[in-house]
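As a plain string of letters, each chain reads:
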Amino acid sequence: METSSASSTPASRAFQVPSRATDGQKAQTLIEIENFDFYYGAKQALFDINLKLDDKRVTAFIGPSGCGKSTLLRCLNRMNDLIDGTSIKRGGIKIRGVDVNARDVDSIELRKRVGMVFQKSNPFPKSIYENVIYGLRIQGETNKAKLDAVVEKSLRGAALWDEVKDRLHESGLGLSGGQQQRLCIARTIAVSPEIILMDEPCSALDPIATAKVEELIHELKKEFTIIIVTHSMQQAARCSDKTAFFYMGKLIEYADTRTIFMNPGNPQTEAYVSGRFG
Amino acid sequence: MKRFFDSELETFRSHLMIMGETAIRQVRDALKALVDADVALADRVIAADDELDNLEMSIDDEAIRYMNLRAPVATELRLVIVGMKASHDLERVGDECTTIAKRAVRLAGEPPLKPYVDIPRMANIAIEMLREAMDCFMHGDTDKALAVVRRDSEVDAINKQLYRELSSFMIEDPKTTTRALELMFISKSIERIADHACNIAEEMVFLAKAQDIRHRDELKKS
Amino acid sequence: MSTPANPFASKPSRSRSFEKVILGVFRTATYIILICGAAVFGDILLKGVPTVANAFKTTSTFPYVTNTFLFEAPESLYVFEHEGKTMEMGDKDYRAFREAEIAKAAAAGLPPPVFKSSSYVYSAGGIWPCIVGTVLLVVGSMTIALFLGVCSAIFLNEYAKDGPIVRFIRLAILNLAGVPSIVFGLFGFGLFVIYLDWNVSLLAGWFTLAFMVLPVVITASEESLKAVPKGFREGSLALGATKWQTIRKNVLPYALPGILTSSILGIARVAGETAPIMFTAAYVVRDKLPWDVEKASDFFFQGVMALPYHIYVVSSKIPQNEYTSRVQYGTAFVFLGIVALIATASIIFRNKLRSRYQW
């Protein structure tokens, strides 16, 4: 009978393989939300939000409908400016230390850096090609070679290239729901933002399309900081590194996703993630 | 379709495989330490038990994380549950090996009671059972797993035979009692290892066919 | 075993018989409308088509065929007895004929023939200046109305914050739609013709008609803008587009079919109104065609003939008889045809746009 010595087995090496790719390095803070109060007219929508969001990570906002998670998301690229009567009564949001609501911050420039993907996929009724380069066209880019390159890079980035490369000049509305949503993601990354906000990007998609978008989110976080609002607890669990739970306009709990789903610190969080309310 | 967290399952599987290998190696080393009266090897076996303990914790951690965040269903769910159970069995195997090694250290200073024939035979059957059970994990061969379960009676028979034999030693010559008792416990440990191998085999049947064959002899025969 | 009673068998009831009566009422109402419409169109068609059809004439120059009713100016009709026959002739033909007859008689040494003729105003010749005038009025006023209307609809729908002022403006626009057209005529007469001293002119007519259809255009444009999904605007803005870039590239193109649909209604109205133009743009008769001007700027400051006003004139300003009724119906028929033509063209254009932007 043969014996092998203890040191030569793979068991001792097994622990050097990190089981979670991103747990290893420490993340930098990119967005700081401080004492943030937000109003729709006289109605307060967000109460004293304090939150630090990590760079190149996926952060999920969860909570029941009307809890303010989408509102906060839309504050990050000032989409709420477009709604009449909204106001920030206290606190602010800083991205890389710059207050996004400062006088010298142009919301147009901000939105080029902070892209957004919407709940309902909204490809424009143009060709796939024109959809992707819309942002660049707006910025006045006319160099055909550059536009072609951006289209390919963005569509590849959105894992859509292989599916549409033969019909770039057909309407974007001819795509399936999941493809449309990925087209919207391609359109967003074409202007090379730093942050991508996703407002329930999969709520209208079937499970396979959802899985593809989630897969994509996992890929995108190598290059972008992603903040995703979702109603699906599984989605938050699968995709995100950190999760923030909101309820009635307040931030109830913010922690590693694993902690939120394993050992939430707040009974309300536990009740929500276990499906007892919301 | 590939998913980004498929690699987590791969890691989980490979950890379980490594644990199986480690447990088999431990059984082998413990037996060798006993037969060769090799104290140093016995000490190494005792020390190496930490490896199994760490692997069990790591596998549990991965399983819990997977269930927590990935909401597994069907085969994945069975894999995660079976992995947790099997890792526990393998950890118990490791504990039995530690016991054997400790007793081997004590027996090393004394003259052998009789030549080691039955115990290595028994241990080799147990090792084979463990290996077969782990093979089932790799290949999903349920027939092999059922064969493992059936072989358990061989080990039990040898154990009983050794028990009688060692009892008669003690009756004939009370001076042999200590050594005979040590050997009896070692035999019992090997028998326990075979039981764990059986459990693992049963779990592998559950993994492959989602069929619980525990305590149902009519299923084991088929 | 007996079959169970049918639980779904019909049972007589009051509501059931009422159902039949009410259906009959609805159906009858629809048929009455159908009959009235058919009668109106049939009448115009039956009496109008011969006017146009009998006016075809061959010519010696390209394109060798012309239609005197469509492509000539109105003339007086002379009806006279000649050599035992009743003759009908337009003004020019009659004069030439008389000269020729007199000359013939003189050559033959006979006394000059006596022509006992009765004349009927506007009953000969054609309506070409009216067609030209109507087309000019429609094109000009719709251009003005669409430009102003779309601009204000964009402002109201995209830029203005919803508040009491905007609501007041909307109310004002809606009320404008209810103002009778004769009031617009008086307004145009007062403002453009008298105060701005444009006289009776194309320009005054354009603006008067434009103001009349503005409410329709604005309301419909706003509706079309509202029908463009919010997602298109948000998606564009989220990519760093400005508001105007968003509207120009991603809202207006999709709203255009709807806006055009509304303007088709506007066209029919603009073309058909008599009251607003009778004080501001329309002449009873004008010999010169609109492009017959000395300098380009005069183009805008000349009055024109227009089909609806011509119908009005030949129907109510001259004695009614078999000779004048021909031109009345003929004009009405051509008028309907032109409106249908413009509307069809707009519909085709709209459908083309719509198929390009489908969501």
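All values reported here derive from a predicted model rather than from experimental measurement. (Residues numbered from 1 in each chain as written. Chains lettered and ligands numbered in written order. Predicted model: local features only at pLDDT ≥ 70, side-chain atom pairs only at ≥ 80, totals over all residues. Heavy atoms only, no water.)

Caption draft 1: Summary view of the overall build of chain B. Broken down by element type, chain B carries 7 helices and 0 strands. Moving toward the C terminus, one meets the helices and strands of chain B in the order α-α-α-α-α-α-α. A compact globule built from 222 residues should have a C-alpha radius of gyration of about 17 Å, and chain B, at 19 Å, falls within 12% of that. In terms of principal-axis extent, the alpha carbons of chain B reach across some 65 × 40 × 20 Å. Counting only residues that meet the buried cut, chain B has 54% of its 222 residues in that class. Taking contacts inside chain B between residues at least 6 apart in sequence as the whole, the part at least 24 apart equals 82%. Each charge class in chain B was averaged separately, 32 positive and 42 negative side chains, and the resulting centres sit 3 Å apart. (Helix = DSSP H or I, 4+ residues; strand = E, 2+ residues; numbered from the N terminus. Rg over C-alpha atoms; globule rule 2.2 N^0.38 Å. Buried < 20%, exposed > 50% of the residue type's maximum accessible area, 1.4 Å probe, protein only. Contact = heavy atoms within 4.5 Å. Lys, Arg positive; Asp, Glu negative; His and termini not counted. Charge placed at Lys NZ, Arg CZ, Asp CG, Glu CD.)

Caption draft 2: Highlighting the overall build of chain C. Helix and strand counts for chain C stand at 13 helices and 5 strands. Against the globule reference of 21 Å for 359 residues, chain C gives a C-alpha radius of gyration of 28 Å, more extended than a compact globule. With the principal axes as the frame, chain C shows a C-alpha extent of 105 × 75 × 40 Å. Counting the 359 residues in chain C, one finds 43% classified as buried. Put simply, of all contacts in chain C between residues at least 6 apart along the chain, 73% involve residues at least 24 apart. By element, 67% of the accessible surface of chain C is carried by carbon and sulfur atoms, the whole surface being about 20100 Å². (Areas by Shrake-Rupley, 256 points an atom, 1.4 Å probe, with all protein chains shown as cover.)

Caption draft 3: Focus on the packing of aromatic side chains. Going through the model one piece at a time under the given rule, you end up with 19 aromatic pairs over all chains. Relative to phenylalanine 5 of chain B, the ring of phenylalanine 4 of chain B has its centre 5.1 Å away and its plane inclined at 90 degrees; by these criteria the two rings are edge-to-face. Like phenylalanine 5 of chain B, phenylalanine 4 of chain B is buried. Each residue in the set Phe187, Phe192, Trp198, Phe207 and Phe211 of chain C is aromatic and connected to the rest through ring pairs, giving one cluster. (Phe/Tyr/Trp six-rings, centres within 6.5 Å; stacked < 30°, edge-to-face > 60°.)

Caption draft 4: Examining the pairing of strand β1 (residues 29–40) of chain A more closely. Residue and element names in this part refer to chain A. Pairing analysis gives 8 bridges linking β1 to strand β2 (residues 43–54), with the strands arranged antiparallel. Looking at the pairing, phenylalanine 38 lines up with leucine 46 of β2. Connecting β1 to the antiparallel partner β2 that follows it, the hairpin turn spans 2 residues, and glycine 41 within it adopts a positive phi of roughly 60 degrees. As defined by bridge partners, β1 adjoins strand β4 (residues 86–95) across 8 bridges and the pair is classed as antiparallel. The residue of β4 that forms the bridge with isoleucine 33 is isoleucine 93. (Pairing = 2+ DSSP bridges.)

Caption draft 5: Quick look at a nonpolar patch on the surface. On the surface, Phe187, Phe189, Leu191, Ile194, Tyr195 and Leu196 of chain C cluster together to form a nonpolar patch covering roughly 570 Å² of accessible area. Assessed through its relative accessible area of 65%, tyrosine 195 of chain C is described here as exposed. (Patch = residues over 30% accessible without salt bridge, like charges linked within 9 Å, V, L, I, M, F, W, Y side chains within 5 Å. Salt bridge = Lys/Arg side-chain N within 4 Å of Asp/Glu carboxyl O.)

Caption draft 6: Region of interest: the environment of cysteine 136 of chain B. All names here are of chain B. If you trace the backbone, cysteine 136 turns up in helix α4 (residues 118–139). Separated by 69 residues in sequence, cysteine 136 and valine 205 have C-alpha atoms that sit 8.2 Å apart. Ignoring sequence-local partners within four residues, the contact set of cysteine 136 consists of Asp141, Lys144, Ala145 and Met204.

Caption draft 7: Region of interest: empty space enclosed by the protein. All names here are of chain B. Enumeration over the complete set of coordinates arrives at 4 cavities of 30 Å³ or more. Estimated volume of the second largest cavity: approximately 60 Å³. Lining the second largest cavity we find Lys114, Pro115, Tyr116, Val117, Asp118, Ile119, Pro120, Leu162, Leu166 and Leu183. Counting residues per element, the ones that place at least two in the lining of the second largest cavity are α4 and α5 (142–172). With 3 residues, the single largest contributor to the lining of the second largest cavity is α4. Residues of the lining of the second largest cavity, tallied by class, amount to 8 nonpolar, no polar and 2 charged. (1 Å grid on protein atoms, 1.4 Å probe; cavity = no way out; pocket = protein on both sides within 12 Å on 5 of 7 lines; lining within 4 Å. Points joined across faces, edges and corners; volume = space filled by probe spheres on them. Nonpolar A, V, L, I, M, F, W, Y, C, P; charged D, E, K, R; others polar.)

Caption draft 8: The sheet that holds strand β5 (residues 117–125) of chain C, seen in detail. All names here are of chain C. As summarised here, the arrangement of the 3 strands in space is β4-β3-β5, forming an open sheet in which the pairing is antiparallel. Across the chains shown, the open sheet's two edge strands, defined by having one partner strand only, are β4 (85–90) and β5. Here the strands of the sheet are splayed against their neighbours by 25 degrees on average, with no regard to which way each runs. Here 6 bridges tie strand β3 (residues 74–82) to β5, and the two strands are oriented antiparallel to one another. When the bridges of β5 are listed, glutamate 75 appears paired with alanine 124. (Axes fitted to C-alpha atoms, helices over the stretch in contact; angles between N-to-C directions.)

Caption draft 9: Focus on the pattern of salt bridges. Scanning the model with the defined rule gives 48 salt bridges over all chains in all. Close ionic contact of arginine 65 of chain B with glutamate 8 of chain B constitutes a salt bridge, the shortest N to O distance being 3.4 Å. A residue pair is termed long-range when its members are at least 10 positions apart, and arginine 65 of chain B in helix α2 (residues 39–70) and glutamate 8 of chain B in helix α1 (residues 6–35) qualify at 57 residues. Like arginine 65 of chain B, the residue glutamate 8 of chain B is buried in the burial classification. The partner of arginine 269 of chain C in a salt bridge is glutamate 273 of chain C, and the shortest N-O contact between them spans 3.8 Å. Since its relative accessible area comes to 26%, arginine 269 of chain C is described here as partly exposed. A relative accessible area of 17% places glutamate 273 of chain C in the buried class. In this structure, a network of salt bridges that share partners links the residues Asp55, Lys56, Arg96, Arg113 and Glu194 of chain A.

Caption draft 10: Spatial organisation of the interface of chain A and chain C. At the interface, 25 residues of chain A touch 22 residues of chain C. Summed over both sides, the interface of chain A with chain C buries roughly 1900 Å², with 63% coming from carbon and sulfur. Sorting the residues of chain A by area buried against chain C places Pro125, Tyr134 and Ile138 of chain A first, and these three jointly supply 30% of that buried surface. Taken together, the links from chain A to chain C amount to 1 salt bridge. Among the salt bridges present, the one from glutamate 234 of chain C reaches arginine 74 of chain A, with a minimum N-O distance of 2.7 Å. Our enumeration of links across chain A and chain C arrives at 6 residue pairs in polar contact (both at pLDDT 80 or more). Those elements that place two or more of their residues in the side of chain A that touches chain C are α3 (107–113), β6 (114–117), α5 (134–138) and α8 (177–190) of chain A. Residue classes in the side of chain A that touches chain C are distributed as 13 nonpolar, 5 polar and 7 charged. (Buried area = accessible area lost by both parts, 1.4 Å probe. Polar contact = N/O pair within 3.5 Å; in protein donor to acceptor, adjacent residues only side chain to side chain.)

Caption draft 11: Here's a closer look at the environment of glycine 135 of chain A. Counting through the fold element by element, glycine 135 of chain A comes out in helix α5. Taking the C-alpha atoms as reference points, glycine 135 of chain A and serine 192 of chain A, separated by 57 residues in sequence, lie 9.8 Å from one another.

Caption draft 12: Spatial organisation of the packing of helix α1 (residues 14–53) of chain C against helix α13 (residues 322–356) of chain C. Residues and elements named next belong to chain C. Running from N to C, α1 and α13 point in directions that differ by 105 degrees, and their axes come no closer than 7 Å. In terms of orientation, α1 lies roughly perpendicular with respect to α13. The segment α1 lies against α13, with Phe41, Asp43, Ile44, Leu45, Lys47, Gly48, Val49, Thr51 and Val52 engaging Arg326, Tyr329, Gly330, Ala332, Phe333, Val334 and Leu336. (Parallel < 35°, antiparallel > 145°, perpendicular 65-115°, else oblique.)

Caption draft 13: Expanded view of the domain arrangement of chain C. All names here are of chain C. Under the domain assignment, chain C is made up of domain 1 (74–125) and domain 2 (128–356). One C-alpha centre belongs to domain 1, the other to domain 2, and the line joining them spans 44 Å. When the two sides are added together, the surface that domain 1 and domain 2 hide from each other amounts to roughly 860 Å², 69% of it contributed by carbon and sulfur. Three residues stand out in domain 1 for area buried against domain 2, namely Pro74, Tyr120 and Tyr122, and they jointly supply 62% of the buried area on that side. Summed over the shared surface of domain 1 and domain 2, the number is 0 salt bridges. At the boundary of domain 1 and domain 2, one finds 0 residue pairs in polar contact (both at pLDDT 80 or more). The set of elements that each furnish at least two residues to the side of domain 1 that touches domain 2 consists of β3 and β5. The element that contributes the greatest number of residues to the side of domain 1 that touches domain 2 is β5, accounting for 4 residues. In terms of residue class, the side of domain 1 that touches domain 2 is made up of 6 nonpolar, 1 polar and 1 charged. (Domains from an automatic or database assignment.)

Caption draft 14: Up close: the packing of helix α3 (residues 74–108) of chain B against helix α6 (residues 177–209) of chain B. Residue and element names in this part refer to chain B. The geometry of α3 relative to α6 is characterised by a closest axis approach of 9 Å and an angle of 170 degrees between their N-to-C directions. By the angle class used here, α3 and α6 are roughly antiparallel. Split by residue class, the contact of α3 with α6 holds 18 nonpolar, 5 polar and 11 charged.

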